[in-house]
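Below are the chains, spelled out letter by letter.
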Amino acid sequence: MKPSLVVLGIETSCDETAAAVVEFSDSSATIRAESISSQIDLHALYGGVVPELASREHLRNLPIVCEQALSGAGLAMNDISLIGVTSGPGLKGCLLMGVTFAQGLGTSLGLPVNAVNHVEGHMFSHELAGNIVEYPFLSLVVSGGHTELVLVEQLGKYQVIARTMDDAAGEAFDKSAHLLGLPYPGGAALSQLATSVESSRFVLPKVTRETEDFSFSGLKTAVALAIRKSKHILDSEDKARAEMAYAIEQAIVDALAHKVRRAVQILNVPRLVVAGGVSANKTLRAKLKSEVPEVVFSEPKHCTDNAAMVALIAGKRELAGCSSNKLEIMSQWPVENLMNP
Ligand code: KG4
Ligand code: ZN
């Protein structure tokens, strides 16, 4: 007999091919197994994600990660009750690989396949560690592809408080790291470089405090100019490079924390959850902890792209009666447009 609800989640929106099995009983979710194949080393050769290469890798890795997730869970394909797949937002060709694979699997096994919004997955990824945060809460999703501050009123009812008008926070880290000569993706390396100093002689402009939304493209220009102006000292002094990294990190963290602080005050919502690759940043964590009464971070492995969050959303929505089997690929898919229960 099949257990209550066993969901196979599939994620291919960017450069990770991932599958996970999540089981729901009494509406609590347990990860049975997960498998992920990262393409970072491949794309690092080109200094960023090459969409065509990413799609090809997904095609190759999808059967492998699904097989690994199932065998890790000790299950066979016919033990699965539902497939959840990321259908947006993300890179079109990459999404297409995951969705087509999931559709094929669903048809051959006679299983329903539901569409999952990747950002919604990040917004609830803290629940994968058993942390259930009371509604309403604020969710800050900060990664290489997304920078969104969302008011979560209930599953499916979201108000975007701020999103980026240009680069994502992770992109700001990565592009600055590139300018400092660090390898892609660079965010973690830049942060590591910054840890050896506690102040900086370099002054970067405060990032868009006046606008409603985030914007990091001005910072990128300011960093490029500052690095060019101080090239000699940066080339000859390791401490100066660390100080530049420190100034960059402070500028990005300050921009994120400023909007969070304002939203907490204006909306009077004291609970914040933080996810996405940039939420691994120690300076950001410390700053948010010191400024928001209740902050919950996703576990490091679920901060970054993963399939457990996809299975989680597919299962939550199925149980709440608000799932969608419309498998349309949406490279842009704002969370405000999601279906309510
Ligand atoms: O969530 P993620 O793995 O993939 C995307 O969906 O983009 O996020 C990757 C991003 C990269 O930009 C990476 O540089 C950044 O997260 N990142 C960090 C740190 N660790 C990862 N940025 C700053 N500090 C870190 N410690
Ligand atoms: Zn993501």
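Report on the accompanying structure. Model, not experiment: these values are computed from the prediction.

Attention shifts here to the site of ligand 1. Around ligand 1 sit 17 residues in total, of which Gly144, Asp174, Gly187, Gly277 and Asn281 are the nearest. One nitrogen or oxygen atom from the main chain of Gly170 is found 3.2 Å from an oxygen atom belonging to ligand 1. Between an oxygen atom of ligand 1 and a side-chain N or O atom of Asp174, the distance comes to 2.6 Å. Protein contacts shield 86% of the accessible area of ligand 1, which totals 550 Å² for the unbound molecule. Among the elements that line the shell around ligand 1, the one with the most residues is helix H5 (residues 169-179), at three residues. Class assignment for the residues of the shell around ligand 1 results in six nonpolar, nine polar and two charged.

This brings us to the sheet that holds strand E7 (residues 147-154). Strand order in the open sheet made by the five strands is E8-E7-E6-E9-E10, with mixed pairing throughout. Of all strands in the sheet, those with a lone pairing partner are strand E8 (157-163) and strand E10 (294-297), marking the two edges. For this sheet, the mean angle separating the axes of adjacent strands, direction not counted, is 25 degrees. Summarising the sheet, strand E6 (residues 137-142) and strand E9 (residues 271-275) pair through four bridges and their orientation is parallel.

Okay, the nonpolar core next. Counting 57 residues, the largest nonpolar core has Leu8, Val21, Ile83, Met123, Phe124 and Tyr158 as its most contacted members. Counting residues per element, this core draws most heavily on helix H12 (residues 308-320), at seven residues. Not counting residues within four places of it along the chain, the set of residues in contact with Leu8 comprises Ala19, Ala20, Val21, Cys66, Ile80, Leu82, Ile83, Gly84, Leu105 and Ala311.

For the rest of this paragraph, the subject is the packing of helix H9 (residues 238-267) against helix H10 (residues 282-291). Two elements in contact, H9 and H10, have axes whose closest approach is 10 Å; the angle formed by their N-to-C orientations is 30 degrees. The angle between the axes of H9 and H10 places the two elements in the roughly parallel class. Handedness of the H9/H10 crossing: right-handed. Contacts between H9 and H10 involve Glu249, Gln250, Val253, Asp254, Leu256, Ala257, Val260 and Arg261 from the first element and Thr283, Leu284, Lys287, Leu288 and Glu291 from the second. Among the residues forming the contact of H9 with H10, the class breakdown is six nonpolar, two polar and five charged.

Basis of the calculations
- Residues numbered from 1 in each chain as written.
- Chains lettered and ligands numbered in written order.
- Predicted model: local features only at pLDDT ≥ 70, side-chain atom pairs only at ≥ 80, totals over all residues.
- Heavy atoms only, no water.
- Near = heavy atom within 4 Å.
- Polar contact = N/O pair within 3.5 Å; in protein donor to acceptor, adjacent residues only side chain to side chain.
- Areas by Shrake-Rupley, 256 points an atom, 1.4 Å probe, with all protein chains shown as cover.
- Helix = DSSP H or I, 4+ residues; strand = E, 2+ residues; numbered from the N terminus.
- Nonpolar A, V, L, I, M, F, W, Y, C, P; charged D, E, K, R; others polar.
- Pairing = 2+ DSSP bridges.
- Axes fitted to C-alpha atoms, helices over the stretch in contact; angles between N-to-C directions.
- Core = buried A, V, L, I, M, F, W, Y, C linked by side-chain atoms within 4.5 Å.
- Buried < 20%, exposed > 50% of the residue type's maximum accessible area, 1.4 Å probe, protein only.
- Contact = heavy atoms within 4.5 Å.
- Parallel < 35°, antiparallel > 145°, perpendicular 65-115°, else oblique.
- Left-handed = near helix turned anticlockwise from the far one by under 90°.

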